[in-house]
Amino acid sequence: MHETVAVFQGPQPRIRRVPVDRPWTWLTAGWRDLIAAPGPSVACGLVPVVVGWFAVTLMVWLDLPYLVLPLGAGFFFIGPFIAVGLYEISRRREAHLLVDRDSMWLAWQRNPDQIALMGLLLLLFHLAWMRTAQLLFALFEWRTQSWDRFADLLWFSSRSLPFLGFGIACGAVLAAAAFAIGAFSMPYLLHRRNANLFEAIATSVTAVRLNLRPMILWAGLIVLLVGIGMVPGLLGLAVVVPVVGHATWHAYRDIVIFPDEGGT
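Residues numbered from 1 in each chain as written. Predicted model: local features only at pLDDT ≥ 70, side-chain atom pairs only at ≥ 80, totals over all residues. Heavy atoms only, no water.

Take the overall build of the chain next. Each helix and strand in the chain was counted, giving 13 helices and three strands. For the chain, with 264 residues in total, the buried portion stands at 48%. When contacts within the chain are restricted to residue pairs at least 6 apart in sequence, those whose partners lie at least 24 apart make up 75%. Carbon and sulfur atoms provide 69% of the accessible area of the chain, an area that totals close to 13,000 Å². (Helix = DSSP H or I, 4+ residues; strand = E, 2+ residues; numbered from the N terminus. Buried < 20%, exposed > 50% of the residue type's maximum accessible area, 1.4 Å probe, protein only. Contact = heavy atoms within 4.5 Å. Areas by Shrake-Rupley, 256 points an atom, 1.4 Å probe, with all protein chains shown as cover.)

Shown next, in the form of structure tokens:
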């Protein structure tokens, strides 16, 4: 079953409804792309690892342990921008084109202005989350300069449960909005070189709305896999991020269909 979505330029995409278990198929396809192009994929996956190490080191140096948790959670807001190169690898494999590191790093040049605008929008979500987290830390008096004191507050304070409850609730609202907007926007802008930000957001929101159950499962799998990838000193992200990034491209191609599939 399909439904069209009104956009502003070119052919209107049709949104296909998929079964609730389809995310497992996307993950399988993402894993195949990783195996087929391990060098470029892992190279892209190492970016959040290195950035994460730098951010944690900076927090240690500044004695700001309370910012580590919101910074880590903020990865989910900017993840789609980091994965642009992974979408390009999957796109090129689908089109039987050469896959190399140059094409991955320069993927943003296919639609530079709009991809940059989408990245800026995702960054604003991240900044909104960081500001919300800082307000929560101030409200619950959790702004401590000591790592030991922070651990005591987290595990033993009577304020930990309400703090975590409010934090999760606020984060969930922002994350849901960012996920609806960003789930397929970056793949759309990469795929449709003449597309604009408004088309991409309208398509992504409609795709998520019409496939709510499979997309909830997909969002849960992303959180679970990225969380697991962060455990071993962030090193697991070198594999998890490529698999999820490639899988996101296949999710987009599975759900968003164009009448002129011969052209991009």
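Once you've had a look at it, read on.
Overall, the coordinates contain five aromatic pairs when judged by the stated rule. Between Trp26 and Trp218 the ring centres are 5.7 Å apart and the planes differ by 85°, which places this aromatic pair in the edge-to-face class. Within this pair, whereas Trp26 is found in helix H1 (residues 22–36), its partner Trp218 is found in helix H12 (residues 212–230), the two being separated by 192 residues in sequence. Across the pair, exposure class does not vary: Trp26 and Trp218 are buried alike. (Phe/Tyr/Trp six-rings, centres within 6.5 Å; stacked < 30°, edge-to-face > 60°.)

The next subject is the confidence of the model for the chain. Per-residue pLDDT for the chain has a mean of 85; in total, 84% of the residues score no lower than 70. Per-element mean pLDDT across the chain ranges from 55 in strand E1 (residues 2–4) up to 97 in H1. (pLDDT = per-residue confidence, 0-100.)

Trp26, Met118, Phe184, Met215, Trp218 and Ile255 are the most contacted members of the largest nonpolar core, which has 62 residues in total. For Trp26, the residues in contact, after removing those within four places along its chain, are Val18, Met215, Trp218, Ala247, His250, Ala251, Asp254 and Ile255. (Core = buried A, V, L, I, M, F, W, Y, C linked by side-chain atoms within 4.5 Å.)

With respect to the secondary-structure elements, Gly236 resides in the loop between H12 and helix H13 (237–255). A residue is classified by how much of its surface remains accessible, and Gly236, at 19% relative accessible area, is buried. Sequence spacing of Gly236 and Gly45 is 191 residues, and the spatial spacing of their C-alpha atoms is 9.1 Å.

Going through the model one piece at a time under the given rule, you end up with six salt bridges. Note that Arg93 is salt-bridged to Asp33, the shortest N-O span being 2.8 Å. Taken together, the residues span a long stretch of sequence, with Arg93 in helix H5 (residues 84–94) and Asp33 in helix H1 at a distance of 60 residues. Take Arg93: its relative accessible area is 33%, and that puts it in the partly exposed class. The class for Asp33 is buried, based on a relative accessible area of 3%. Note that Glu88 is salt-bridged to Arg92, the shortest N-O span being 3.4 Å. Taken together, the residues span about one helical turn, with Glu88 and Arg92 both in helix H5 at a distance of four residues. In terms of burial, Glu88 and Arg92 fall into one category: buried. (Salt bridge = Lys/Arg side-chain N within 4 Å of Asp/Glu carboxyl O.)

Here H1 crosses H12 at 45°, and the two axes come no closer than 8 Å. On the basis of the axis angle, H1 is oblique to H12. Contacts between H1 and H12 involve Pro23, Trp24, Trp26 and Leu27 on the former and, on the latter, Pro214, Met215, Leu217, Trp218, Leu221 and Leu225. Its residues assigned to classes, the contact of H1 with H12 shows ten nonpolar, no polar and no charged. (Axes fitted to C-alpha atoms, helices over the stretch in contact; angles between N-to-C directions. Parallel < 35°, antiparallel > 145°, perpendicular 65-115°, else oblique. Nonpolar A, V, L, I, M, F, W, Y, C, P; charged D, E, K, R; others polar.)

Glancing now at the environment of Pro242. Checked against the element boundaries, Pro242 lands in helix H13. Here the alpha-carbon distance between Pro242 and Gly45, two residues 197 residues apart in the chain, equals 5.6 Å. Ignoring anything within four residues of it in the chain, the contact list for Pro242 reads Leu34, Ser41, Val42, Gly45, Leu86 and Leu237.

This part covers the packing of helix H4 (residues 75–82) against H5. Where H4 meets H5, the axes come as close as 5 Å, and the angle between the chain directions of the two elements is 40°. Comparing their axes, H5 and H4 come out oblique. Between H4, through Pro80, Phe81 and Ile82, and H5, the contact on the second element is made entirely by Val84, Gly85 and Tyr87. Considering only residue class, the contact of H4 with H5 consists of five nonpolar, one polar and no charged.

Further remarks concern a nonpolar patch on the surface. A cluster of nonpolar side chains, namely Val47, Val51, Trp105, Leu106 and Trp108, defines an oily patch on the protein surface of about 470 Å² accessible area. With respect to the helices and strands, the residue Trp108 is situated in the loop between helix H6 (101–105) and helix H7 (112–139). (Patch = residues over 30% accessible without salt bridge, like charges linked within 9 Å, V, L, I, M, F, W, Y side chains within 5 Å.)

Turning next to H5. In terms of residue burial, H5 counts as a mostly covered element, since nine of its eleven residues are buried. Listed in full, the buried residues belonging to H5 are Val84, Gly85, Leu86, Tyr87, Glu88, Ile89, Ser90, Arg91 and Arg92.

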